[in-house]
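Architecture and fold: a report
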Amino acid sequence: MTNITYRLPQEIKLNGTFPGEHSQQLAQRRADAVPAGVASTAPIYAQDADGGVILDVDGNSFVDLGSGIAVTSVGASAPRVVKAIQEASEHFTHTCFMVTPYEGYIAVAEKLNELTPGNFPKRSVLFNSGAEAVENAVKIARAATGRNAIIVFDHAYHGRTNLTMALTAKATPYKKGFGPFAPEIYRVPMSYPYRDGEELTGTQAAQRAIDIIEKQVGAEYIAAVLIEPIQGEGGFIVPAEGFLSNIAQWAKSKDIVFIADEVQAGFCRTGRWFASEYEGIEPDLITTAKGIAGGMPLSAVTGRAELFEKVQPGGLGGTYGGNPVACASALATIETMQEWNLNERALRIEQLIRQKLEPLVPELPILGQVRGRGAMMALEFVLDTNSQEPHPQAARDIASYCLERGVLILTCGTYGNVVRLLPPLTIPENLLEQALDILVEGIRSI
Ligand code: PLZ
């Protein structure tokens, strides 16, 4: 494993009241300036972050097991990334690629075309956010096929814009009061092994979805099937083996564009460049964001060159899409991932998490399942193993327990009953182990 040196001490350090005085002051200012509609997981305000830690404005040091929702995979201030951002911004912060183009955009597109699965001619187009990438993937699929319908899955999360709200499954908090939503979106059952039961194979779960699609929508009207290869906000649901490949094969046989939303699972998070690789699928289009640029806002749609041919010049774009500083950051992020072998680290993180947490499953009836891949791991909590009734209070209480002891942990899931672990891939092993010990105590305390 590559040795990483850190700028900040990689430790838990808590002094005094929680949240501290300065965080409390900021919370008061915030209440008068920022609406409650944008909520935060933790009541602590950030001052600095590096490797596996976040320092708050009161000098407390927390272990980061969230990476700002799977973004800072290389850490929040990786040296190469910081340098690239500084250097790029000294020359120009913006020209607009649609006005005066520049090399960085092209270099990022080349990298994406090379790293994404599938050995066929590809193109990439850059945007700012995950939602924007997903919206554009849908635009491209519709233009390429001349069809309208989009198939999405239970528990899906694709964003907060109008079209992506329609694509997202969960009503509260994402959709409630924000309709009407975009039409021609059809939702079908996902493969969710923990809740489907072990008897339902991936192939059967795929057939269940395909039967519904064919009966209720009709393959000839469908532009695209859109799916997260591992669902993120929905609960880190890893579909049963064969589910994704069967859906992809069926889509191919009907000339339907298969879009993998790798916004959360992509870029070394799962121990491969893309989670699609685990199932040997080669999506027609892939959406990426989050981990791609070390914290700078950047996203992309990458896919088969021929799909882009039907899109008229000027049909894709946006003022900031592929910002030059964000592109420089992405190139440095990718180099860092290669230099530090972060795929290997993600697999090691999975090993450490499984070692500590899997033994608790047979012992504790509230811990239903430990699942995930690489550094995208989740614990699903239930009232008891037999009923499998979701237990969101357990997930919330465990997250609070951890935070008060210096470990920042996120929850997720359709039922809010999942604790997810998304550490920066650069977290030191001993710090991760210390954080996991606190998590184990937290689970036992319920
Ligand atoms: N697709 C698979 O995970 C973003 C959003 C959290 P944006 N997930 C975190 C929140 O509450 O807003 C996400 C994702 C997948 C698309 C998106 C959307 O990415 O960059 O947040 O627009």
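Owing to the predicted nature of the structure, the values given are computational and were not obtained by experimental measurement.

Next up on the list: the overall build of the chain. Each helix and strand in the chain was counted, giving 15 helices and 15 strands. Taking 446 residues into account, the globule formula puts the C-alpha radius of gyration at 22 Å, and the chain, at 21 Å, falls close to it. Across its three principal directions, the C-alpha atoms of the chain cover 60 × 60 × 45 Å. Buried positions account for 56% of the 446 residues belonging to the chain.

Right, let's get into the pattern of salt bridges. Following the criterion strictly, the structure yields 15 salt bridges and no others. A salt bridge links Glu363 to Arg444, with the shortest nitrogen-to-oxygen separation between them at 2.5 Å. Of the two residues, Glu363 is situated in helix 13 (residues 360–363) and Arg444 in helix 15 (residues 429–445); the sequence distance between them amounts to 81 residues. Its relative accessible area of 43% is what places Glu363 among the partly exposed residues.

Further remarks concern the site of the ligand. Around the ligand sit 15 residues, and of these Gly130, Ala131, Arg160, Asp261 and Gln264 come closest. At a separation of 2.8 Å, an oxygen atom of the ligand approaches a polar backbone atom of Ala131. The side chain of Tyr157 places a nitrogen or oxygen atom 3.2 Å from an oxygen atom of the ligand. Burial of the ligand by the protein amounts to 83% of the accessible area it has alone, namely 510 Å². Of the residues belonging to the shell around the ligand, the class tally is five nonpolar, five polar and five charged.

With that out of the way, let us pick up helix 12 (residues 342–357). Between its terminal C-alpha atoms helix 12 stretches 22 Å, which fits the 22 Å expected from 16 residues at 1.5 Å a residue. Three or more residues of helix 12 are buried, namely Leu342, Asn343, Arg345, Ala346, Ile349, Glu350, Leu352, Ile353 and Leu357. Where the residues of helix 12 are buried, they touch helix 11 (324–339), helix 13, strand 11 (367–373), strand 12 (376–381), strand 15 (418–421) and helix 15.

Splitting the chain by domain gives domain 1 (21–64 + 341–445) and domain 2 (81–339). Look at where the C-alpha atoms of domain 1 and domain 2 centre, and you get two points 26 Å apart. Opposite the 32 residues of domain 1 that make contact, domain 2 presents 27 residues. In this assembly, domain 1 packs against domain 2 so that about 2,500 Å² is buried in total across both faces, 52% of it on carbon and sulfur atoms.

What follows concerns the pairing of strand 1 (residues 46–50). Taken together, the four bridges between strand 1 and strand 2 (residues 53–56) define a ladder with antiparallel strand orientation. Each bridged residue has a counterpart across the sheet, and for Ala46 the counterpart in strand 2 is Asp56. Following strand 1, the chain reverses through two residues before pairing antiparallel with strand 2; Gly51 in that reversal takes a positive phi of roughly 55 degrees.

Each aromatic ring pair is specified by the distance between its two centres and by the angle formed by the two planes. Taken as a whole, this structure holds eight aromatic pairs when the rule is applied. Each ring, one from Phe97 and one from Tyr102, has its centre 5.5 Å from the other, and the planes form 80 degrees; the classification is edge-to-face. With relative accessibility at 23%, the residue Phe97 sits in the partly exposed group. Just above the ring of Phe120 sits the side chain of Lys122; from NZ or CZ to the centre is 5.5 Å. Its end group placed over the ring of Tyr401, Arg405 keeps NZ or CZ at 3.6 Å from the ring centre.

Take the sheet that holds strand 6 (residues 185–188) next. Within the open sheet, the seven strands sit side by side as 4-10-9-8-7-5-6. Their pairing is mixed. Unpaired on one side and paired on the other, strand 4 (122–127) and strand 6 mark the two borders of the sheet. Between one strand axis and the next, the sheet turns by 20 degrees as a mean value, whatever way the strands run. Pairing geometry for strand 5 (residues 149–153) and strand 6, over four bridges, is parallel. For Val152, the partnering residue across the bridge sits in strand 6 and is Arg187. Packed on one face of the sheet, helix 9 (residues 243–253) meets strand 5, strand 7 (222–227), strand 8 (257–261) and strand 10 (299–304) and runs near 165 degrees to strand 7.

What follows concerns the sheet that holds strand 3 (residues 61–64). Strand order across the open sheet formed by four strands is 1-2-3-13, with mixed pairing between neighbours. For this open sheet the edge positions go to strand 1 and strand 13 (407–408), each flanked by a neighbour on one side alone. In this sheet, strand 3 lies alongside strand 2 in antiparallel orientation, the contact comprising three bridges. Counterpart to Val53 in the pairing with strand 3 is Val63.

We now examine the environment of Leu364. Looking at where Leu364 falls in the secondary structure, it is placed in the loop between helix 13 and strand 11. Among the residues examined, Leu364 registers a relative accessible area of 15% and is labelled buried. Placed 79 residues apart in sequence, Leu364 and Ile443 show a C-alpha to C-alpha distance of 8.8 Å. Ignoring anything within four residues of it in the chain, the contact list for Leu364 reads Ile443 and Arg444.

This part is about the side chain of Arg345. By the secondary structure assignment, Arg345 is in helix 12. Not counting residues within four places of it along the chain, the set of residues in contact with Arg345 comprises Met1, Thr2, Ile4, Trp340, Leu425, Thr426 and Ile427.

Two elements in contact, helix 12 and helix 15, have axes separated by 10 Å at closest approach and are oriented at 30 degrees. Considering their axes alone, helix 12 and helix 15 lie roughly parallel with respect to each other. Once helix 12 is placed against helix 15, the crossing between them reads as right-handed. Side by side, helix 12 and helix 15 meet where Arg348, Ile349, Leu352, Ile353, Lys356 and Leu357 of the first sit next to Glu429, Leu432, Glu433, Leu436, Asp437, Leu439, Val440 and Ile443 of the second. Residue classes in the contact of helix 12 with helix 15 are distributed as nine nonpolar, no polar and five charged.

Thresholds applied
- Residues numbered from 1 in each chain as written.
- Predicted model: local features only at pLDDT ≥ 70, side-chain atom pairs only at ≥ 80, totals over all residues.
- Heavy atoms only, no water.
- Helix = DSSP H or I, 4+ residues; strand = E, 2+ residues; numbered from the N terminus.
- Rg over C-alpha atoms; globule rule 2.2 N^0.38 Å.
- Buried < 20%, exposed > 50% of the residue type's maximum accessible area, 1.4 Å probe, protein only.
- Salt bridge = Lys/Arg side-chain N within 4 Å of Asp/Glu carboxyl O.
- Near = heavy atom within 4 Å.
- Polar contact = N/O pair within 3.5 Å; in protein donor to acceptor, adjacent residues only side chain to side chain.
- Areas by Shrake-Rupley, 256 points an atom, 1.4 Å probe, with all protein chains shown as cover.
- Nonpolar A, V, L, I, M, F, W, Y, C, P; charged D, E, K, R; others polar.
- Expected span 1.5 Å × (residues − 1).
- Contact = heavy atoms within 4.5 Å.
- Domains from an automatic or database assignment.
- Buried area = accessible area lost by both parts, 1.4 Å probe.
- Pairing = 2+ DSSP bridges.
- Phe/Tyr/Trp six-rings, centres within 6.5 Å; stacked < 30°, edge-to-face > 60°.
- Lys NZ or Arg CZ within 6 Å of the ring centre and 35° of its normal.
- Axes fitted to C-alpha atoms, helices over the stretch in contact; angles between N-to-C directions.
- Parallel < 35°, antiparallel > 145°, perpendicular 65-115°, else oblique.
- Left-handed = near helix turned anticlockwise from the far one by under 90°.

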